[in-house]
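# Residue-level structural notes
Below are the chains, spelled out letter by letter.
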Amino acid sequence: MAAKTAAGGNDAGYLLIGPALGVMALALAAPLALLFLYSLTRTTGPVLEGGPTLTHYAEVLGREGYRALFWRSLGISALVTAATVALAYPMAYFVAFHAGRRKFLWLVALTIPFWTSYLLRVFAWKVILGYGGVINSGLMAAGLIAAPLDFLLYNPFAVVVTLTHAWAAFAILPIYVSLEKIDRTLLEAAADLGDSPLRRFLRITLPLSMPGVIGAALLIFIPTTGDYVTPALVGGPEGAMIANIISVQFDRVGNWPLGAAMALSTMAVVAVLAGLFVAAARAATRAAR
Amino acid sequence: MRHRALALYAGAYLAFLYLPVLFLPLFSFNDSHYIAFPLSGFTLRWYQALAADAAMLQALSNSLKVGAVTALLSTLLGLLAAKAVTQYRLRGKGAMLGFIGLPLFIPDIVLGIALLLLIAAMGVPLSLATVVLGHLCLCTPFALAVLIARFEGFDRNLEEASADLGEGPLMTFRRVTFPLMLPGIMASLLLTFIVSFDEFLIAYFLSGTEATLPVFIWSQLRFPARLPVVLALGALILLVSVALVVLAEVLRNRGLPPDKTRIGA
């Protein structure tokens, strides 16, 4: 590293990272800036006629239907995040501490289902939970129920189950990595000093693995709040989420500024909640130690 | 005994991950339009129907093109940026890395519509090229993450030794740097290809009349009669993805010391 301290050498570094920054400026920064501009326009046209307006934000925040959709999306995502992380933690713990030499095999096995088409993984749940689907036809064939259960599909529950399955790998991997990094001698020291296994877990393993838990929670909470496919396929009217209504603004109704305001509000709310979550989790970890 | 309970849990968790996915191949061989038990017999007709489906084959070809171009470009961008980040002292490195990694923390729906607005404002017609632009935004952070990890394990003394022994920069790159980086480059190509190949929502907004495979699948999900054919397609995608992922992992971990063996992005 020390070899490249001359100014000329560093210029080459900026030149190397330049193309990536340029593409991101075009494909990320410019579109987001434009999205912001659109959210302030009065008409559905691209020009700022008659100055900027906050009407669309007022509508997003003011209308009961939109507010309910916001809360539902955040609630579903929070549930999904909690369920995914809680289910993945023991799994990651097992791989990190008890899988022995088959660790690599376990990791590959855990990630393979995650690489199959996202669309079809979600669709599989529609097939499983549907009125004439796998669970209902299976239970009926087994003579356990007389008529199909109709509460399995097209509700928020179906969305939570499906997303918990679809995002599992995003929880397992970060948690595994942070567990793997823990210095095993710390655990031995605690054992020698008389700490019980539970106390060791609560005072050493859990706090030290919190970065992985926080990372996993963010990687799941942020994208699932804006998920479109799952609520569209298995949510039904009661399980619809914010992304479904945003996409409608860009499809049929064609109110692009309103859609832009919704998208940016979602992003902002999610960012604030994510920031609060990280701060709270860090504080809790410090308190536990 | 605590370990046995944990191992049992791990087995159950694996079943939870695999069972839903395995219904796709199971029902793709089932001789019925209805996806329900009991199974009605073995058939290959859904696969035959799939092979004869011109629209599907066109969508597949579109996705392969978009995936290949996205993989090449994002890996190239990632390679240059990873070299800059690991081997040079850059001011504002954290901010630059954060900016490139930002797409991971923005819902796809926002990325998709924002790009749609930009493309509409520029008056560019929607095409596979606009899908590639969207996918570059999504894939470059993955390429960068994989390649930075690879560069960090890279022993620069080897390059210096090559130079000391009289090789020019070009030959040093060809005979030392490139071969050492090759597993990382291949892993990045495969990862970004898979991410692009599987991406639905951004392609849905940006693809115009030329559907990618996920956009095509989405259009088919509305027709119950088409479902078994979609399942056959899903089973094939599953098979190929598994082969690619195993290949990517083997490549990425080759040559790294065992404690550096990692998985995922």
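Thresholds applied
Residues numbered from 1 in each chain as written. Chains lettered and ligands numbered in written order. Predicted model: local features only at pLDDT ≥ 70, side-chain atom pairs only at ≥ 80, totals over all residues. Helix = DSSP H or I, 4+ residues; strand = E, 2+ residues; numbered from the N terminus. Buried ≥ 20, exposed ≤ 12 C-beta atoms within 10 Å, placed from the backbone. Rg over C-alpha atoms; globule rule 2.2 N^0.38 Å. Core = buried A, V, L, I, M, F, W, Y, C linked by C-beta atoms within 7 Å. Contact = placed C-beta atoms within 7 Å. Axes fitted to C-alpha atoms, helices over the stretch in contact; angles between N-to-C directions. Parallel < 35°, antiparallel > 145°, perpendicular 65-115°, else oblique. Left-handed = near helix turned anticlockwise from the far one by under 90°. Nonpolar A, V, L, I, M, F, W, Y, C, P; charged D, E, K, R; others polar. Expected span 1.5 Å × (residues − 1). Bend = angle between axes of the 7 residues up to and from the residue. pLDDT = per-residue confidence, 0-100.

### Section: the overall build of chain B
Summing up its helical and strand segments, chain B has 11 helices and zero strands in all. Listed N to C, the secondary structure of chain B is α-α-α-α-α-α-α-α-α-α-α in terms of helices and strands. Looking at chain B residue by residue over its 265 residues, the buried ones come to 43%.

### Looking at the overall build of chain A
Looking only at helices and strands, one finds 13 helices and zero strands in chain A. In chain A, the order of α-helices and β-strands from amino to carboxyl end is α-α-α-α-α-α-α-α-α-α-α-α-α. On C-alpha atoms alone, chain A measures out to a radius of gyration of 24 Å, which is more than a quarter above the 19 Å that the 2.2 N^0.38 rule sets for 289 residues. Across the 289 residues that make up chain A, the buried fraction comes to 43%.

### Quick look at the nonpolar core
With 163 residues, the main nonpolar core has Ala-92 and Ile-172 of chain A as its most contacted residues. Setting aside residues up to four positions removed in sequence, Ala-92 of chain A forms contacts with Ile-172, Ile-175, Tyr-176 and Leu-179 of chain A.

### So, the environment of Leu-26 of chain B
Residue and element names in this part refer to chain B. Here Leu-26 is to be found in helix H1 (residues 2-28). You can call Leu-26 partly exposed: it has 14 C-beta atoms within 10 Å. Counting along the chain gives 197 residues from Leu-26 to Phe-223, while the straight-line C-alpha distance between them is 20 Å.

### What about the packing of helix H3 (residues 54-87) of chain B against helix H6 (residues 128-152) of chain B?
Residues and elements named next belong to chain B. Where H3 contacts H6, the two axes come as close as 6 Å, and the packing angle between them is 40 degrees. Taken as axis vectors, H3 and H6 run oblique relative to one another. Here the hand of the crossing between H3 and H6 comes out right-handed. For the contact of H3 with H6, the class distribution of residues is 18 nonpolar, eight polar and three charged.

### Some thoughts on helix H3 (residues 64-98) of chain A
Between its terminal C-alpha atoms H3 of chain A stretches 51 Å, which fits the 51 Å expected from 35 residues at 1.5 Å a residue. Of all the bends in H3 of chain A, the greatest reaches close to 30 degrees and is centred on Tyr-89 of chain A; the proline Pro-90 of chain A follows between one and four positions later.

### Section: the interface of chain B and chain A
The partner chain A presents 71 residues to the 72 residues of chain B that form the contact. If you tally residues by element for the side of chain B that touches chain A, the top one is H1 of chain B, at 14 residues.

### A look at unusual backbone geometry
Even without being a glycine, Tyr-154 of chain A presents a positive backbone phi close to 60 degrees. One can find Tyr-154 of chain A in the loop between helix H6 (134-141) and helix H7 (156-166).

### Some points on the environment of Gly-236 of chain A
Residues and elements named next belong to chain A. One can find Gly-236 in the loop between helix H11 (229-235) and helix H12 (242-251). On the basis of neighbour count, Gly-236 is assigned to the partly exposed category, with 15 C-beta atoms found within 10 Å. Residues Gly-236 and Val-159, 77 residues apart in the sequence, show an inter-C-alpha distance of 9.3 Å. What Gly-236 contacts, discounting residues up to four positions off in sequence, is Tyr-154 and Asn-155.

### Side note on H7 of chain A
For H7 of chain A, the buried fraction is high: eight of the 11 residues fall into the buried class. By the burial criterion, the buried members of H7 of chain A are Ala-158, Val-159, Val-160, Thr-162, Leu-163, Thr-164, His-165 and Ala-166 of chain A.

### Notes on the confidence of the model for chain A
All names here are of chain A. Overall, the prediction assigns chain A a mean pLDDT of 85, with 92% of residues at 70 or greater. Of all secondary-structure elements in chain A, the lowest mean pLDDT belongs to helix H2 (residues 55-62), at 83, while H7 reaches the highest, 93. When the criterion is pLDDT under 50, residues 1-8 qualifies, and its contacts beyond four places in sequence or with other chains add up to six contacts.

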